[in-house]
Amino acid sequence: MCTKLDSVITAILRNDIDIAIEQVQSGLILNLIETYFNKELPIVVQTPAMWYPRYDWKKNYGDILLQTLYHYNQIPQVTVGYEATKMETGYQLKTHNAVQPGSYILQIPRDGRHEDRVWIASTLLRFAHDVYNPNENFIIALNYFPYSFQSTARDLFTLALEKGFINVIIMIPQKNSKRSITTDIEQIDIFGWIPDEQENICSMEVDQIIYLDSWDVENKTFVSNSNLFPKKKLTNMHYCPIHAFLGVVPPFIFPKNEILFGSFIEVIHEYCARSKCGLISVTHARNNHIAFPTGFGSYIHWREGEFLYPYFILDFTWYVPSGSQVEPWKSLFKAFTFKMWLLVVICSVFGSLFLWFLEEFGNVLTNGNLKDLSYSALKNQIRMRRNRRNK
């Protein structure tokens, strides 16, 4: 009897703890929305009540957060909603990213079961298919005290990275006493990750996390006031291998002597040289980091090539040098090389001489013919006079 009573009391206390955490986190999230979120686009808000099965006891979580955002937040909110269908690998809804969000908020309740991880991964998959904007800020708020915050944060960062979300921070509450169950929350620690510090970023696994800042619950302020969403740069991949599925698309990619050449190959090699990564060519389209060309159509699950094929989007920018400015009078000499100009001068000289000789020869012939004609006319005139006298 005592055991059952203790279990009931523990469940009640844990429910009170979760409510207290949600109240504190709601105020913190409002602060982050005002500071870091895009105010031109809606916020995607997902609470356990929206994405857990309806029969689960966690379905009531998230009401405090939603009410707080409804009353004090001026940015529109979007919810993906509940989906009972089990999403297998490659599952794709037909909404085709109808709404482009400007930020994300995902609330995660107390876990501990394998089903919890499955539902978290399914929710992120819904985000990737229905409301995908990977460049925007993403907040994951834990509504409980995790046993190991490092392990929990690494797992959640990895799940988000696998679905293409990079600018993610995780809010983890900390209690005053680790030995007892209490609703007294001391602070909320905020963690992030840096791509260059990961041991093997090509494996899409986050194994190193960083502490960003803490929210003082009593004073309602940040301890360090550091930037919670620093711009992520990938400059050192520790020469991990990038898997590339490449086709023949001249002039971007074309084979020569069993070696691939082309402008896209040069781009990849330049990227690997700057980011310190390796390159492995694969023959299967699955489990690759780069696919070129990418397909399009309802049977393809690569969003990047579905609507703008064959154009590049966000990934590559082609820069063409404008060249140095040349004075207008020098532009004439820049048209040809020195040898070409030498040939032009020689041709001009010989051409001019040839035309001069033609003109002189023509004058000589013309003058000689005129003299012959004058002499013949004079002889004819003398003959005509003699004939008249004889008559």
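Note: the structure precedes this text.
What comes next concerns the included structure. Computed from a prediction, not measured in an experiment: that's the story for all the values here.

Looking at a negative patch on the surface
Part 1 of the reasoning: A cluster of acidic residues, Asp155, Glu162, Glu199 and Glu205, forms a negative patch on the protein surface.
Part 2 of the reasoning: Its place among the elements puts Glu162 in helix 5 (residues 149-162).
Part 3 of the reasoning: The class for Glu162 is partly exposed, based on a relative accessible area of 44%.

Digging into the pattern of salt bridges
Part 1 of the reasoning: Counted by the stated rule, this structure contains 1 salt bridge.
Part 2 of the reasoning: Between Arg274 and Glu270 there is a salt bridge; the shortest N-O distance is 2.7 Å. Separated by 4 residues within a single helix, Arg274 and Glu270 lie in helix 6 (residues 263-275), roughly one turn from each other.
Part 3 of the reasoning: A relative accessible area of 64% places Arg274 in the exposed class.

Re the sheet that holds strand 8 (residues 221-222)
Part 1 of the reasoning: With respect to topology, 8 strands assemble into an open sheet ordered 2-1-3-4-5-6-7-8, the strand pairing being mixed. One side of each edge strand has no neighbouring strand; the edge strands of this open sheet are strand 2 (77-78) and strand 8.
Part 2 of the reasoning: Looking at chain direction, strand 5 (residues 168-175) and strand 6 (residues 185-192) are connected through 6 bridges and run antiparallel. In the strand pairing of strand 6, Gln174 is matched with Gln187.
Part 3 of the reasoning: Sheet contacts for helix 3 (residues 63-72): strand 1 (43-46), strand 2 and strand 3 (103-108); angle to strand 1, the most-contacted strand, approximately 155°.
Part 4 of the reasoning: Seen against the sheet, helix 5 touches strand 3, strand 4 (137-142), strand 5 and strand 6 and runs at an angle of roughly 160° to strand 5.

A word on the environment of Gly164
Part 1 of the reasoning: Along the chain, Gly164 falls in the loop between helix 5 and strand 5.
Part 2 of the reasoning: Taking C-alpha positions, Gly164 is 9.0 Å from Asn133, a pair spaced 31 residues apart along the chain.
Part 3 of the reasoning: With sequence-adjacent residues up to four places away left out, Gly164 is seen in contact with Tyr132 and Pro134.

Quick word on unusual backbone geometry
Part 1 of the reasoning: Positive phi, close to 60°, is recorded for Met204, a residue that is not glycine.
Part 2 of the reasoning: The residue Met204 is located in the loop between strand 6 and strand 7 (210-216) in this model.
Part 3 of the reasoning: You can call Met204 partly exposed: its relative accessible area is 28%.
Part 4 of the reasoning: At His238, a position not held by glycine, the phi torsion is positive, near 55°.
Part 5 of the reasoning: Within the secondary structure, His238 is located in the loop between strand 8 and strand 9 (241-246).
Part 6 of the reasoning: Taking relative accessible area as the criterion, His238 reaches 39% and is therefore assigned partly exposed.

Section: the sheet that holds strand 13 (residues 290-292)
Part 1 of the reasoning: On the basis of which strands lie adjacent, the open sheet formed by 3 strands has the order 12-9-13 and parallel pairing. The sheet is open, and its two edges are formed by strand 12 (278-281) and strand 13, each paired on a single side. In this sheet, adjacent strand axes meet at a mean angle of 25° when their direction is disregarded.
Part 2 of the reasoning: In this sheet, strand 13 lies alongside strand 9 in parallel orientation, the contact comprising 3 bridges. When the sheet's bridge partners are listed, Ala244 is paired in strand 13 with Ile290.

Side note on empty space enclosed by the protein
Part 1 of the reasoning: Going through the model one piece at a time under the given rule, you end up with 2 cavities of 30 Å³ or more.
Part 2 of the reasoning: As a volume, the second largest cavity reaches approximately 40 Å³.
Part 3 of the reasoning: What lines the second largest cavity is simply Val168, Ile169, Gly192, Trp193, Ile210, Leu212, Leu228, Phe229, Pro230 and Lys232.
Part 4 of the reasoning: Of all the elements in the fold, those that place two or more residues in the lining of the second largest cavity are strand 5 and strand 7.
Part 5 of the reasoning: Residue composition of the lining of the second largest cavity, by class: 8 nonpolar, 1 polar and 1 charged.

So, the state of the cysteines
Part 1 of the reasoning: All told, the structure shown has 1 disulfide when counted by the stated rule.
Part 2 of the reasoning: Across a sulfur-sulfur distance of 2.0 Å, Cys202 and Cys240 are joined as a disulfide pair. Linking Cys202 and Cys240, the disulfide has an S-S dihedral of approximately 60° and is accordingly described as right-handed. With a gap of 38 residues between them, Cys202 in the loop between strand 6 and strand 7 and Cys240 in the loop between strand 8 and strand 9 connect regions that are remote in the sequence.
Part 3 of the reasoning: Classification of Cys240 as buried rests on a relative accessible area of 4%.

Scoring rules and cut-offs
Residues numbered from 1 in each chain as written. Predicted model: local features only at pLDDT ≥ 70, side-chain atom pairs only at ≥ 80, totals over all residues. Heavy atoms only, no water. Patch = residues over 30% accessible without salt bridge, like charges linked within 9 Å, V, L, I, M, F, W, Y side chains within 5 Å. Areas by Shrake-Rupley, 256 points an atom, 1.4 Å probe, with all protein chains shown as cover. Salt bridge = Lys/Arg side-chain N within 4 Å of Asp/Glu carboxyl O. Lys, Arg positive; Asp, Glu negative; His and termini not counted. Charge placed at Lys NZ, Arg CZ, Asp CG, Glu CD. Helix = DSSP H or I, 4+ residues; strand = E, 2+ residues; numbered from the N terminus. Buried < 20%, exposed > 50% of the residue type's maximum accessible area, 1.4 Å probe, protein only. Pairing = 2+ DSSP bridges. Contact = heavy atoms within 4.5 Å. Axes fitted to C-alpha atoms, helices over the stretch in contact; angles between N-to-C directions. 1 Å grid on protein atoms, 1.4 Å probe; cavity = no way out; pocket = protein on both sides within 12 Å on 5 of 7 lines; lining within 4 Å. Points joined across faces, edges and corners; volume = space filled by probe spheres on them. Nonpolar A, V, L, I, M, F, W, Y, C, P; charged D, E, K, R; others polar. Disulfide = S-S within 2.5 Å.

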